[in-house]
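These are the residues of each chain, in order.
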Amino acid sequence: DKTLGELAAASHRYLGSATDNPEFSDAAYLKILGSEFNSTTAGNALKWYATEPQQGVFDFTQGDQVLDFARRHHMSFRAHTLVWHSQLPDWLNNGTFTADQLRAILKNHILTEARHYRGKVYSWDVVNEAFNEDGTYRDTIFYRTLGPGYIADALRWARQADPHAKLYLNDYNIEAVGPKSDAYYNLVKQLKAQGVPIDGVGFQGHLALQYGYPDTLQQNLQRFADLGVDVAITELDIRMYVPADEAKLATQADWYARVTKACLAVRRCVGITIWDYTDKYSWIPAFFEGEGAALPYDENLQPKPAYYAIRDALRDA
Ligand code: G3I
């Protein structure tokens, strides 16, 4: 049988899974990660708290570990993320900086990290989660101190540091057409008009059965593609209230298939990354009480109906 990665590659796309460094001691887990998927990303290792734990002191050991695994297994690598309000180091969270100081800090962070990975990564999530649900800018240390121009600056610095990486903006709850995805649509249009380097938009895809399927996903992906950027599903998982049962798993499988088909139907949808592949290592139970079972493999690394649904959707392409 062909793997998900092989089937996606036949459609010139990738099917990837996020991973995280603590999981590198799990040989059975790694075997599937390295064989079934043709792309990966580090769930935490490239975030600011991990890469610049002290101001001006950089540490890429965890990120390098994930990237080395990807290279040894011929997987492409999505790098996540250069600028995000969450998981910042204490010195940045607790410090007070003038705009000039913060600009210099941001520039140095982006240039140093993106240069370290220069030529080795497929893409960078340059700015992550910049908007609120209503489409206004999220009030982060960067927005507050630097204004909305920090996004264009970040993209320019990332391009300068690694001219080959595809540069993305990435967010959740933008799968459907709505105020938040409209904000990205308008921003991308504006950035393009201003000649700011922007190559793609990442739709995280943290879906939940109780909120319903985002019916406008394909149409939404297409309108971004029509602006002249790539699109990707970057952190897909589909959670439910646990315990799972046959009916919920069937609905989940159907949703995984629909997301896969939506991507395949849009020429500029370059691939799908699931936010780790097994319920054993999902972030969901720790963040949403009573929810889980969000991924295509169960806690014993056995494929669920969702796995076969993705496989069939890729095969039919
Ligand atoms: O590193 C500490 C460890 O020392 C400590 O023992 C342990 C105990 O709780 O916590 C560890 O830190 C955890 C960290 O992941 C690394 O494992 C944090 O508590 C935990 O909150 C953190 O969660 C991550 C989350 O981002 C934080 O927002 C998830 O693993 C990660 O999958 C998740 O990923 C985000 C994307 O980056 C952006 N989109 C949403 C997505 C889901 O939240």
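Residues numbered from 1 in each chain as written. Predicted model: local features only at pLDDT ≥ 70, side-chain atom pairs only at ≥ 80, totals over all residues. Heavy atoms only, no water.

Enquirer: Could you give an account of the site of the ligand, naming the residues involved and the relevant values?
Expert: In the vicinity of the ligand, 14 residues are found, and the nearest of them are Asn-44, Lys-47, His-80, Glu-235 and Trp-275. Here an oxygen atom of the ligand sits 2.9 Å away from a polar atom, N or O, in the side chain of Asn-44. The side chain of His-80 places a nitrogen or oxygen atom 2.7 Å from an oxygen atom of the ligand. A total of 790 Å² of accessible area belongs to the ligand in isolation, and the protein chains cover 52% of it. A majority-of-atoms criterion places the ligand in the largest pocket. Across the shell around the ligand, the residue classes tally to five nonpolar, six polar and three charged. (Near = heavy atom within 4 Å. Polar contact = N/O pair within 3.5 Å; in protein donor to acceptor, adjacent residues only side chain to side chain. Areas by Shrake-Rupley, 256 points an atom, 1.4 Å probe, with all protein chains shown as cover. 1 Å grid on protein atoms, 1.4 Å probe; cavity = no way out; pocket = protein on both sides within 12 Å on 5 of 7 lines; lining within 4 Å. Sits in = over half its atoms within 2 Å of the grid points. Nonpolar A, V, L, I, M, F, W, Y, C, P; charged D, E, K, R; others polar.)

Enquirer: Run through the side chain of Asn-38, naming residues and quoting values.
Expert: Note that Asn-38 resides in the loop between helix 2 (27-36) and strand 2 (39-42). A distance of 3.5 Å separates the side chain of Asn-38 from the backbone oxygen of Arg-13, its partner in a polar contact. A distance of 2.8 Å separates a polar side-chain atom of Asn-38 from the backbone nitrogen of Leu-15. Ignoring sequence-local partners within four residues, the contact set of Asn-38 consists of Gly-5, Ala-9, Arg-13, Tyr-14, Leu-15, His-74, Met-75 and Ser-76. (Helix = DSSP H or I, 4+ residues; strand = E, 2+ residues; numbered from the N terminus. Contact = heavy atoms within 4.5 Å.)

Enquirer: Give a detailed account of the pattern of salt bridges, specifying residues and quantitative values.
Expert: Inspection of the entire model under this criterion finds 17 salt bridges. For the salt bridge of Asp-1 with Arg-315, the shortest nitrogen-to-oxygen distance reads 3.8 Å. One end of the pair, Asp-1, is in the segment before helix 1 (4-10); the other, Arg-315, is in helix 13 (residues 305-315), with 314 residues separating them in the sequence. On the accessibility criterion, Arg-315 (39% relative accessible area) is partly exposed. A salt bridge links Asp-125 to Arg-78, with the shortest nitrogen-to-oxygen separation between them at 2.8 Å. Remark: Arg-78 occurs in strand 3 (residues 76-83) and Asp-125 occurs in strand 4 (residues 123-128); sequence separation between them is 47 residues. Here Asp-125 falls in the buried class, since its relative accessible area comes to 1%. A network of salt bridges, in which partner residues are shared, links Asp-1, Arg-311, Asp-312 and Arg-315. (Salt bridge = Lys/Arg side-chain N within 4 Å of Asp/Glu carboxyl O. Buried < 20%, exposed > 50% of the residue type's maximum accessible area, 1.4 Å probe, protein only.)

Enquirer: Quick one: what's the story with helix 6 (residues 99-116), residue by residue and with numbers?
Expert: Between its first and last C-alpha, helix 6 extends 26 Å over 18 residues, near the 26 Å set by a 1.5 Å rise per residue. For helix 6, the complete set of buried residues consists of Leu-102, Ile-105, Leu-106, His-109, Ile-110, Leu-111, Glu-113 and Ala-114. On the buried face of helix 6, the contacting elements are helix 3 (48-51), strand 3, helix 5 (90-93), strand 4, helix 7 (141-146) and helix 8 (150-161). (Expected span 1.5 Å × (residues − 1).)

Enquirer: Any details on the pairing of strand 1 (residues 14-19)? Residues and values, ideally.
Expert: Within strand 1, six of the six residues are buried, leaving the element largely enclosed by the surrounding structure. Burial along strand 1 is two-sided: Tyr-14, Gly-16 and Ala-18 facing one way and Leu-15, Ser-17 and Thr-19 facing the other are all buried. Sheet analysis places strand 1 next to strand 9 (residues 269-274), joined by four bridges and oriented parallel. Note that in strand 9 the partner of Gly-16 across the bridge is Thr-273. This β-α-β element, strand 1 to helix 2 to strand 2, shows right-handed connectivity. (Pairing = 2+ DSSP bridges. Right-handed = clockwise from strand over helix to strand, strands pointing away.)

Enquirer: Can you explain the state of the cysteines? Please cite residues and give values.
Expert: Covalent bonding between the sulfur atoms of two cysteines is what defines a disulfide. Within the structure shown, the criterion is met by one disulfide. Paired through a disulfide, Cys-263 and Cys-269 show a sulfur-sulfur distance of 2.1 Å. One disulfide, between Cys-263 and Cys-269, carries an S-S torsion of -100 degrees and so falls in the left-handed class. (Disulfide = S-S within 2.5 Å.)

Enquirer: Requested: an account of the nonpolar core, with residues and values cited.
Expert: Counting 104 residues, the largest nonpolar core has Phe-37, Trp-124 and Phe-142 as its most contacted members. Examining the composition of this core, we find that nine residues originate from one element, helix 11 (residues 246-265), more than from any other. Not counting residues within four places of it along the chain, the set of residues in contact with Trp-124 comprises Leu-46, Ala-79, His-80, Thr-81, Leu-82, Glu-113, Ala-114, Tyr-117, Ala-165, Lys-166, Leu-167 and Tyr-168. (Core = buried A, V, L, I, M, F, W, Y, C linked by side-chain atoms within 4.5 Å.)

Enquirer: So what's going on with the layout of surface pockets? Which residues, and what values?
Expert: Over the atoms, a rolled probe matching the size of one water molecule traces out where space is still vacant. Here the largest pocket defines a volume of roughly 870 Å³. Residue lining of the largest pocket: 41 residues in total, with Tyr-172, Gln-204, His-206, Glu-235 and Trp-283 positioned closest to the centre. When contributions to the lining of the largest pocket are tallied by element, the ones reaching two or more residues are strand 1, helix 9 (179-193), strand 7 (206-208) and strand 8 (230-241). Looking at side-chain class alone, the lining of the largest pocket contains 15 nonpolar, 15 polar and eleven charged residues. (Points joined across faces, edges and corners; volume = space filled by probe spheres on them.)

Taken by themselves, the reported measurements are silent on function.
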